[in-house]
Amino acid sequence: MTTVTGSGLDVAGLDVDLDRTPVVRSVSCAVAPGGWLALIGPNGAGKSTLLRAIAGLLPHRGTVHVDGTDVTRLRTRDRARLIAYVPQTPVLPPDMTVRDYVLLGRTPHLGYLANPGEHDRRAAAKTLGALDLGHYADRRLAALSGGERQRAALARALAQEPRLLLLDEPTSALDLGHQQHVLDLVDELRGSRRLTVVTTLHDLTTAAQYADRLVLLDGGRVVASGTPAEVITQDVIARVYAARVSVTTDTDGRPVVTPLRGSRA
Ligand SMILES: Nc1ncnc2c1ncn2[C@@H]1O[C@H](COP(=O)(O)OP(=O)(O)OP(=O)(O)O)[C@@H](O)[C@H]1O
Ligand SMILES: [Mg+2]
């Protein structure tokens, strides 16, 4: 097993083809342990494809190291101890209860054929509470709202206690309060557990508030990377997104993006 030191995540020279179409090209990026990287870019830029490749779910060229381990070579189960991934549109088993679903997150930590133990049940219950789902533990997943389902998928990923958390648009179905709560929770875990985080986020102001580094993808390639203030500028957003925005700065020096409507006909 190849090891490199220093990074929570190290991606080098990643290429992904889907149905022989190049979708991700020559992507390299590194995130320090406990760091938060946000992938941004317009629809079709390759953000979800890149996340799926990092999660080991797509064939690719190039290397992916997590805490120094070359994860491409790991078996699925060993990879699942290191990496948790929540897709943009999670598909959940409708008849399973929320509690059992979140407990599935513990599977990579169990011995073969072993049942979840006390520690696993406690980890699942704690995560359910943290995501404000304690009252729904015995509900079937089909009987949750869209935002509650999204929180259940996040709860399963957190119960997995990974080293690297990959979240694809984790707040797309959440109300403002739950958005902040979920992002604050993830932020706290990177402090307390040195959890390394990679998210895609369409809301650029939110991405700038939570991530310490941004990678802007366009046409499958990295077109800008750096701190939020380095990447999010009016010119770059106008060029890459074909959007009218004003970019101001909050009291922490982070960019705030305000969309501007066009002139009325
Ligand atoms: N099987 C496939 N064959 C060819 N191209 C594909 C295939 N699946 C997806 N694509 C294309 O790959 C590109 C990248 O898709 P991806 O889902 O990674 O984009 P994204 O940046 O996550 O976009 P969004 O912001 O809409 O979620 C898109 O143009 C998409 O149409
Ligand atoms: Mg996507």
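Below: a short report on this structure. (Residues numbered from 1 in each chain as written. Chains lettered and ligands numbered in written order. Predicted model: local features only at pLDDT ≥ 70, side-chain atom pairs only at ≥ 80, totals over all residues. Heavy atoms only, no water.)

## Thoughts on unusual backbone geometry
At step 1: Of note in this structure, Asp67 is not a glycine but carries a positive phi near 50°.
At step 2: Looking at the element boundaries, Asp67 is found in the loop between strand S4 (61-66) and strand S5 (69-70).
At step 3: Not every positive phi belongs to a glycine, and Glu169 is a case in point at roughly 50°.
At step 4: By secondary structure assignment, the location of Glu169 is in the loop between strand S7 (164-168) and helix H6 (176-192).
At step 5: You can call Glu169 buried: its relative accessible area is 7%. (Helix = DSSP H or I, 4+ residues; strand = E, 2+ residues; numbered from the N terminus. Buried < 20%, exposed > 50% of the residue type's maximum accessible area, 1.4 Å probe, protein only.)

## Here's the deal with the coordination of the magnesium ion (ligand 2)
At step 1: The protein atoms that coordinate the magnesium ion (ligand 2) are Ser48 (OG) and Gln88 (OE1), at distances of 2.0 to 2.2 Å. In this pair, Ser48 sits in helix H1 (residues 47-54) while Gln88 sits in the loop between strand S6 (83-86) and helix H3 (98-104), placing the two residues 40 residues apart along the sequence. (Donors = N, O, S within 2.8 Å, 3.2 Å for Na, K, Ca; no water.)

## Description of the pattern of salt bridges
At step 1: According to the stated counting rule, one finds 14 salt bridges in the structure shown.
At step 2: As a salt-bridge pair, Arg163 and Asp67 come within 2.7 Å of each other at their nearest N and O atoms. Linking Arg163 in the loop between helix H5 (146-159) and S7 with Asp67 in the loop between S4 and S5, this pair joins segments that are 96 residues apart in sequence.
At step 3: Here Asp78 ties to Arg81 by a salt bridge, and the two come within 3.5 Å at their closest N and O atoms. Remark: Arg81 and Asp78 occur in helix H2 (residues 76-82); sequence separation between them is three residues, near one turn of the helix.
At step 4: Classification of Asp78 as partly exposed rests on a relative accessible area of 21%.
At step 5: One connected set of salt bridges, linked through shared partners, spans Asp15, Asp17, Arg25 and Arg61. (Salt bridge = Lys/Arg side-chain N within 4 Å of Asp/Glu carboxyl O.)

## Side note on the site of ligand 1
At step 1: Gly44, Gly46, Lys47, Ser48 and Thr49 are the nearest of the 14 residues found near ligand 1.
At step 2: Side-chain polar atom of Asn43 to an oxygen atom of ligand 1: 3.0 Å apart, as the coordinates give it.
At step 3: At a separation of 2.8 Å, an oxygen atom of ligand 1 approaches a polar side-chain atom of Ser48.
At step 4: Breaking the shell around ligand 1 down by element, the ones donating at least two residues are strand S2 (21-31) and H1.
At step 5: Counting residues per element, the shell around ligand 1 draws most heavily on H1, which supplies three residues.
At step 6: Within the shell around ligand 1, the residues separate by chemical class into four nonpolar, eight polar and two charged. (Near = heavy atom within 4 Å. Polar contact = N/O pair within 3.5 Å; in protein donor to acceptor, adjacent residues only side chain to side chain. Nonpolar A, V, L, I, M, F, W, Y, C, P; charged D, E, K, R; others polar.)

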